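Close look at the chain arrangement
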Amino acid sequence: MTDSRLTDQISQARSVVDERSEKLGRKLSYHVTTFGCQMNARDSEKLKGVLEESGFVYTDDELDADIVIFNTCTVRDNANQKLYGHLGSIGAVKRTRPDMIIGVCGCLAQEQSAREKLLTSYSFVDLIFGTHNLFEFPKLLVEVLTREKTTGKGHIISQIWDSTDRIVEDMPAKRNYSFKSGVNIMFGCNNFCSYCIVPYVRGRERSRSSEDIINEIERLAADGVKEIMLLGQNVNSYGRGLDEDITFAQLLEKVEAVCGIDRIRFMTSHPKDLSDDLIEVMSTSDKICRHIHLPLQSGSTGILKAMNRGYTKEQYIDLAQKIRERISDIAITTDIIVGFPGETDEDVDETIDVIEKVQFDGAFTFIYSKRTGTVAASMPCQVPKDVVKANFDRVLKSVQDMSVKRASLIEGRVMDVLVEDINRQDESLVTGRLSNNLNVHFPGDGSLIGQIIPVKLKQCKGFYYLGEREL
Ligand code: 5AD
Ligand code: SF4
């Protein structure tokens, strides 16, 4: 769905911003602080797009900006705590600069208890909006900029939708990188894993039409983008509920046909929905990267059942082995939760057994975080903290040892690297990424950024490589 009002709203915001800038004799500045996943990173690019088109200029100093938007995450409690830390610092600044505008959006804003906390304990926040009405940001921006005249200074504008089936297509976006971009292919999640708050804050699953997706990718390719990351909470169920008859594997084939795109990634795959067709398309593709992120969560079939994951330990291992057999050089990474209610040391042994059998190339390991409103939050037998910590350390050691072992397998080879940045610690080096998602640092300068070049992988440093350009 396109929304022609967006352009009008952005030009209204622009005239207010221009007027203020003229009065102040300087441009108004913005900062967007992003927490959480790649979906949020992409949403933030849209917020930045709106702010830039409205006449704000970027500042990298959150505490110095005229408008700061916090795009939040609430998947684990530490994400909430991070936000409150930032709000504490910015609240102090706002006391000395009352004209500063502070907005909070994203997943935490969708959660009622967190929102109430914002309204009571952080009442200096000016604007709150959620994930379902992100596209309303231009309208809310006009409201907050003209608030004094309409609702009165100090009034918090809070607009949250409980759900939506709308997908608004034409938000402008300011990309963080010129050569790579995320592309949403679907929103929301229907899986209701028992520990997870995402279905409650991101709503029901809805896919974008393949035409809209391909049009966006063609525009990105024309603008110099070489790598795209197809984004969805569960990309393997792409297409369900659409009028057109299309699967994720078929969408990938269409994306593969877009000229100018050299690398295709996607995130996240749910093991229960991963089809043989997808493995087939990946195995014959020159563009789909040799990396799949396949969250395991637990290696214990009993815990997987309580988590409502829809597969057993054995089914996961078989799937991973099938992927490894059919797609040469593929890196498999995963997410693991330690400390789910009722988890025993033996359950954790099962998780470590899967790590060893599948040989994960990388894993994000999380301590279970109780999320209000989820099924797991009211389960008995929450695991004591010291037990969780000991088991977390065991899992972490296992995944780290395994990643180092896996990474070292390609030492000495020459592989293509997409150069992403100048190295932060050593400016004589550039940093890039292999198709399998490993980072490589090698001598070079900023002119290489955005190029795909062959690099000899000289020294494995555990989770990354030092290399040398192969001329
Ligand atoms: N506690 C800990 N980790 C969680 N994740 C999702 N919900 C929780 C929770 N309540 C993890 C899962 C998921 C990743 C994005 O975050 O591993 O794959
Ligand atoms: Fe959460 Fe499960 Fe949906 Fe992933 S698939 S977002 S873990 S409910």
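For clarity, every value in this text was computed on a predicted model and none was experimentally measured. (Residues numbered from 1 in each chain as written. Chains lettered and ligands numbered in written order. Predicted model: local features only at pLDDT ≥ 70, side-chain atom pairs only at ≥ 80, totals over all residues. Heavy atoms only, no water.)

1. Here we look at the packing of helix α9 (residues 210–222) against helix α10 (residues 248–256)
Helix-helix packing: each pair is described by the crossing angle between the helix axes and the interaxial distance. Here is the rule: Every axis in this analysis is a line fitted to C-alpha atoms, fitted for helices over the stretch in contact. Angles between the N-to-C directions lie between 0 and 180 degrees. Think of it this way: any DSSP run of H or I at least four residues long counts as a helix, any run of E at least two long counts as a strand, and we number them from the N terminus. Here the word oblique covers every angle except those under 35 degrees (roughly parallel), over 145 (roughly antiparallel) and from 65 to 115 (roughly perpendicular). Note on convention: the crossing is left-handed when the near helix lies turned anticlockwise from the far helix by less than a right angle, right-handed when the turn is clockwise. Contacts are assigned to residue pairs that have any heavy atoms within 4.5 Å of one another. Residues are grouped as follows: Ala, Val, Leu, Ile, Met, Phe, Trp, Tyr, Cys and Pro are nonpolar; Asp, Glu, Lys and Arg are charged; all remaining types, including Gly, are polar.
The contact between α9 and α10 brings their axes to 10 Å, and the two run at 30°. Classified by the angle between their axes, α9 and α10 sit roughly parallel to one another. Viewed along their axes, α9 and α10 form a crossing whose handedness is right-handed. Counting all contacts with α9, which are made through Ser210, Ile213, Ile214 and Ile217, the residues of α10 involved are Leu251, Lys254 and Val255. Split by residue class, the contact of α9 with α10 holds five nonpolar, one polar and one charged.

2. Topic: the environment of Val32
Inclusion rule: Each residue is assigned to one of three classes by its accessible area relative to the maximum for its type, calculated with a 1.4 Å probe on protein chains only: buried under 20%, partly exposed between the two thresholds, exposed over 50%.
Within the fold, Val32 resides in strand β1 (residues 29–34). Residue Val32 is classed as buried on the basis of its relative accessible area of 6%. Separated by 255 residues in the primary sequence, Val32 and Lys287 have C-alpha atoms spaced 32 Å apart. Apart from the residues within four sequence positions on either side, Val32 is in contact with Ser44, Leu47, Lys48, Leu51 and Ile69.

3. Here we look at the packing of aromatic side chains
Stated formally: For Phe, Tyr and Trp, rings pair up if their centres lie within 6.5 Å, where Trp contributes its six-membered ring, and each pair is then called stacked (planes under 30 degrees apart), edge-to-face (over 60) or tilted (otherwise). Remark: a charge is flagged as sitting over a ring if the NZ atom of Lys or the CZ atom of Arg is within 6 Å of the ring centre and within 35 degrees of the ring normal.
Here the structure, examined in full by the defined rule, presents 13 aromatic pairs. In this structure, Arg76 is placed above the aromatic ring of Phe366, and the distance from its NZ or CZ to the ring centre is 3.7 Å. Over the face of the ring belonging to Tyr84 we find Lys117, whose NZ or CZ atom lies 4.2 Å from the ring centre.

4. Some points on the environment of Lys322
Relative to the assigned elements, Lys322 resides in helix α13 (residues 313–326). Setting aside residues up to four positions removed in sequence, Lys322 forms contacts with Asp276 and Ile279.

5. With respect to helix α14 (residues 345–358)
As a reminder of what qualifies: Take the number of residues in a helix, subtract one, and multiply by 1.5 Å to get its expected span. Relevant arc is that of directions from the helix axis to the C-beta atoms, nothing else.
For α14, built from 14 residues, the straight-helix expectation of 20 Å at 1.5 Å per residue is met to within 8% by its first-to-last C-alpha distance of 20 Å. Of all the positions in α14, only Asp347, Val348, Thr351, Ile352, Val354, Ile355 and Val358 are classed as buried. Looking down the long axis of α14, one finds its buried residues gathered within 150° of arc, a one-sided arrangement. Gln359 sits one or two residues past α14 and shows a positive phi near 60°.

6. Structural notes on the nonpolar core
Which entries qualify depends on this criterion: As used here, the term nonpolar core means buried Ala, Val, Leu, Ile, Met, Phe, Trp, Tyr and Cys residues forming a set that is joined through side-chain atoms within 4.5 Å.
Counting 56 residues, the largest nonpolar core has Leu230, Phe248, Phe266, Tyr316 and Ile323 as its most contacted members. Aside from chain neighbours lying at most four places away, what touches Ile323 is Leu274, Ile279, Ile292, Leu294, Ile330 and Ile332. Grouped together as the second largest cluster of nonpolar side chains are 29 residues, Val50, Phe56, Phe137 and Leu140 included.

7. Overview of the site of ligand 2
Put simply, the rule is: We call a residue near a molecule or strand as soon as one heavy atom of that residue lies within 4 Å of the molecule or strand.
In the region of ligand 2, the neighbouring residues are Cys189, Asn191, Phe192, Cys193, Tyr195, Cys196, Val198, Pro199, Gln233, His270 and Arg309. Broken down by class, the residue content of the shell around ligand 2 amounts to seven nonpolar, three polar and one charged.

8. Regarding the domain arrangement of the protein
Note the cut-off: Source of the domain bounds: an automatic or database domain assignment.
Under the domain assignment used here, the protein contains domain 1 (5–159) and domain 2 (411–469). The distance between the C-alpha centroids of domain 1 and domain 2 comes to 36 Å.

9. What about the pairing of strand β19 (residues 464–469)?
Here is the key point about a regular strand: its side chains alternate between the two faces of the sheet. The condition that has to hold: By this definition, two strands are paired if DSSP reports at least two bridges between them.
With three bridges joining them, strand β17 (residues 439–443) and β19 adopt parallel strand pairing. The residue bridging Val440 from the neighbouring strand is Tyr465, located in β19. Pairing between strand β18 (residues 452–460) and β19: five bridges, direction antiparallel. Within the sheet, the bridge partner assigned to Gln459 lies in β19 and is Leu466. Counting the residues between successive antiparallel strands, the hairpin from β18 to β19 contains three residues, one of them, Gly462, with a positive phi of roughly 95°.

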